[in-house]
Amino acid sequence: MRVVLILEYNGSNYCGWQSQLCNCSIQDKLEVALSRIADEKIRVVTAGRTDAGVHALYQVVHFDTTVKRPSTAWMRGVNTFLPKDIAVLWASEISSQFHARFSASSRCYQYLLLNHPIRPGIFYHNVGWYHQPLDLKKMRAAAQLLLGEHDFSAFRAAECQAKSPVRTLTQLDISSRGNMIMFDLSANAFLHHMVRNIIGCLVYVGKGRYSLDWFQMLLENGDRAAAAPTFSASGLYLADIIYDPRWNLPRIKKRASIIDNYRFL
């Protein structure tokens, strides 16, 4: 049978989602816990692989197994064997036609950026940080240039394995609350480091280093070498995965955002 899970995790202590020889990934920890409950080797398929240090509020995986367990075993039982910074939120049997990656229609990310002269302490691993004032109006204008279908080569990591750099970005909203800037992005799929490279370039525009013309030219030329450095992973969250309603995956109410617990200076 096929089982689908929804989970959340803090990626600070891991080398990313994908399994590694050193067993330092989130996938490694999850598969060990699932295998103990199933009493057989379990391999999972994920909706989206996150990089080292990147977090998830809503990650979806599926796996096939020959054993039958109640949903509570795939949640509370598995959580018993998981590190405290990884948690299964929901589990259910599902049709074998469902695929965590290929059945997804879009992915949503959120980036939290503390814009303040003093770096964060307690939330060091949970937010990005930039010390100089940023012009949100200019950043929003640059963000609008990215909406729609484009070749995102300028925002793609050199080691990206995607066959095509073309993606459709349907949302790039920038809002603020106190000293925290929030970037909300949605697309049919994302390239390796795409969100963090976009944030870095928007910061370049916001601090006045480059103009909107530079940003437009960067998008059109696709020159990664001319773009800003990849921004910190600390503030990046996989926030949502969108599926057709026929799969009946729950829209889990998001827990209080970290910004609701942050003391703005």
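In this text the structure is predicted, and so the values were computed from the model without any measurement. (Residues numbered from 1 in each chain as written. Predicted model: local features only at pLDDT ≥ 70, side-chain atom pairs only at ≥ 80, totals over all residues. Heavy atoms only, no water.)

**Remarks on the packing of helix H1 (residues 26-38) against helix H2 (residues 71-81)**
Reasoning step 1: Packing of H1 against H2 brings their axes to within 9 Å, and their N-to-C directions diverge by 120°. The angle between H1 and H2 places the two elements in the oblique class. Crossing of H1 over H2 shows right-handed handedness. Mapping the contact onto sequence places Leu-30, Ala-33, Leu-34, Arg-36, Ile-37 and Ala-38 in H1 and Ala-73, Trp-74, Gly-77, Val-78 and Phe-81 in H2. (Axes fitted to C-alpha atoms, helices over the stretch in contact; angles between N-to-C directions. Helix = DSSP H or I, 4+ residues; strand = E, 2+ residues; numbered from the N terminus. Parallel < 35°, antiparallel > 145°, perpendicular 65-115°, else oblique. Left-handed = near helix turned anticlockwise from the far one by under 90°. Contact = heavy atoms within 4.5 Å.)

**A few points about unusual backbone geometry**
Reasoning step 1: We note that Asn-23 has phi near 55°; this positive angle belongs to a residue other than glycine.
Reasoning step 2: Inspection of the secondary structure puts Asn-23 in the loop between strand E1 (2-9) and H1.

**Some words on the packing of aromatic side chains**
Reasoning step 1: Tallied over the entire structure, the rule returns 13 aromatic pairs.
Reasoning step 2: Judged by centre distance (4.4 Å) and plane angle (15°), the ring pair of Tyr-210 and Trp-214 falls under stacked.
Reasoning step 3: Through a chain of ring-to-ring contacts, the aromatic side chains of Phe-152, Phe-155, Tyr-204, Tyr-210, Trp-214 and Phe-215 assemble into a single cluster.
Reasoning step 4: Here the guanidinium or amino end of Arg-251 rests over the ring plane of Tyr-58, the centre of that ring lying 4.8 Å away. (Phe/Tyr/Trp six-rings, centres within 6.5 Å; stacked < 30°, edge-to-face > 60°. Lys NZ or Arg CZ within 6 Å of the ring centre and 35° of its normal.)

**Brief notes about the state of the cysteines**
Reasoning step 1: On inspection of all chains with the given rule, the structure shows one disulfide.
Reasoning step 2: The disulfide bridge from Cys-15 ends at Cys-24, spanning 2.1 Å between sulfur atoms. Classification of the bridge connecting Cys-15 and Cys-24 rests on its S-S torsion, roughly 100°, and on that basis the disulfide is right-handed.
Reasoning step 3: Free cysteine: Cys-108, not disulfide-bonded; nearest cysteine sulfur from Cys-160 at 19 Å.
Reasoning step 4: Taking relative accessible area as the criterion, Cys-108 reaches 14% and is therefore assigned buried. (Disulfide = S-S within 2.5 Å. Buried < 20%, exposed > 50% of the residue type's maximum accessible area, 1.4 Å probe, protein only.)

**Brief notes about the confidence of the model for the chain**
Reasoning step 1: Mean pLDDT for the chain: 93, with 95% of residues reaching 70 or above.
Reasoning step 2: When pLDDT is averaged over each helix and strand of the chain, the minimum, 94, is found for helix H5 (residues 212-221) and the maximum, 98, for strand E2 (residues 44-46). (pLDDT = per-residue confidence, 0-100.)

**With respect to the layout of surface pockets**
Reasoning step 1: Within this model, the largest pocket holds a volume of roughly 1100 Å³.
Reasoning step 2: Lining the largest pocket are 39 residues, and of these Gly-48, Arg-49, Phe-190, Leu-191 and His-192 sit closest to its centre.
Reasoning step 3: Broken down by secondary-structure element, the contributors of at least two residues to the lining of the largest pocket are E2, strand E5 (104-115), helix H4 (194-206) and strand E10 (236-243).
Reasoning step 4: Here the lining of the largest pocket is composed, by residue class, of 19 nonpolar, twelve polar and eight charged. (1 Å grid on protein atoms, 1.4 Å probe; cavity = no way out; pocket = protein on both sides within 12 Å on 5 of 7 lines; lining within 4 Å. Points joined across faces, edges and corners; volume = space filled by probe spheres on them. Nonpolar A, V, L, I, M, F, W, Y, C, P; charged D, E, K, R; others polar.)

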